[in-house]
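Commentary on secondary and tertiary structure
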Amino acid sequence: MNAISDISMKTDDVLRVELEVFRREHRDLDDAIAALVEKGTGDQLTIQRLKKKKLRLKDMIARIEDRLTPDIIA
């Protein structure tokens, strides 16, 4: 995922749509991790991989939000 170069070439409208998709995927991963932990059916490696993917999504969300938020000079 070469996100930095991808973000710079996309329009704000495209980034807003992607932002919503990433947020939804992040919430879904959170629910999946919670369900695996609660039921005790997930092995540690699977849970760790899901958490890592969730963290990458969080970073992407932050990058997109930074790009969409205008710099305010006080």
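Data block above holds the structure.
Description of the structure in this document. All values derive from a computational prediction rather than experimental measurement. Along each chain, residue indices are assigned from 1 in the same order as the chain's sequence is written. Thresholds applied to this predicted model are a pLDDT of at least 70 for local features of residues and 80 or more for the giving and counting of side-chain atom pairs; totals over whole chains, interfaces and linings are not thresholded and use all residues. Note that water and hydrogens are dropped before the side-chain values are worked out from all heavy atoms of the structure.

**Thoughts on the nonpolar core**
The nonpolar core is taken to be a set of buried Ala, Val, Leu, Ile, Met, Phe, Trp, Tyr and Cys residues, with the residues joined through side-chain atoms within 4.5 Å. Note on exposure labels: buried denotes an accessible area under 20% of the residue type's maximum, exposed denotes more than 50%, and partly exposed covers the range between, all computed with a 1.4 Å probe on protein chains only. In terms of nonpolar packing, the biggest core is built from 10 residues, these being Ile7, Leu15, Leu19, Phe22, Leu29, Leu57, Met60, Ile61, Ile64 and Leu68. Only DSSP runs of H or I covering at least 4 residues are called helices, and only runs of E covering at least 2 are called strands; the numbering of each starts at the N terminus. Of all the elements in the fold, those that place two or more residues in this core are helix H2 (12-39) and helix H3 (44-68). For this core, the element with the most residues is H3, which contributes 5 residues. In this structure Leu29 touches Leu50, Lys53, Lys54 and Leu57, once residues within four positions along its chain are discounted. Throughout, a contact is declared for two residues whenever any of their heavy atoms are within 4.5 Å.

**So, H2**
Compared with the 40 Å implied by 1.5 Å per residue over 28 residues, the 40 Å span of H2 between its first and last C-alpha is a close match. Among all positions of H2, only Leu15, Leu19, Phe22, Leu29 and Ile33 are buried. Just beyond H2, the residue with positive phi is Gly40, at close to 75°. What a helix is expected to span follows from its residue count: subtract one and scale by 1.5 Å.

**Re the packing of H2 against H3**
A fitted line through C-alpha atoms represents every axis, and for helices the fit uses only the stretch in contact; the resulting angles, taken between N-to-C directions, go from 0 to 180 degrees. H3 packs onto H2 with a crossing angle of 155° between their chain directions and a minimal axis gap of 9 Å. With respect to H3, the element H2 is oriented roughly antiparallel. By crossing handedness, the relation of H2 to H3 is classed as left-handed. When residues are grouped by polarity, Ala, Val, Leu, Ile, Met, Phe, Trp, Tyr, Cys and Pro land in nonpolar, Asp, Glu, Lys and Arg in charged, and all others, Gly among them, in polar. Here the residues of the contact of H2 with H3 are counted per class, giving 14 nonpolar, 2 polar and 12 charged. Angle categories: roughly parallel below 35 degrees, roughly antiparallel above 145, roughly perpendicular from 65 to 115, and oblique for all the rest. By definition, any crossing whose near helix is turned counterclockwise from its far helix by less than a right angle is left-handed, and any crossing with a clockwise turn is right-handed.

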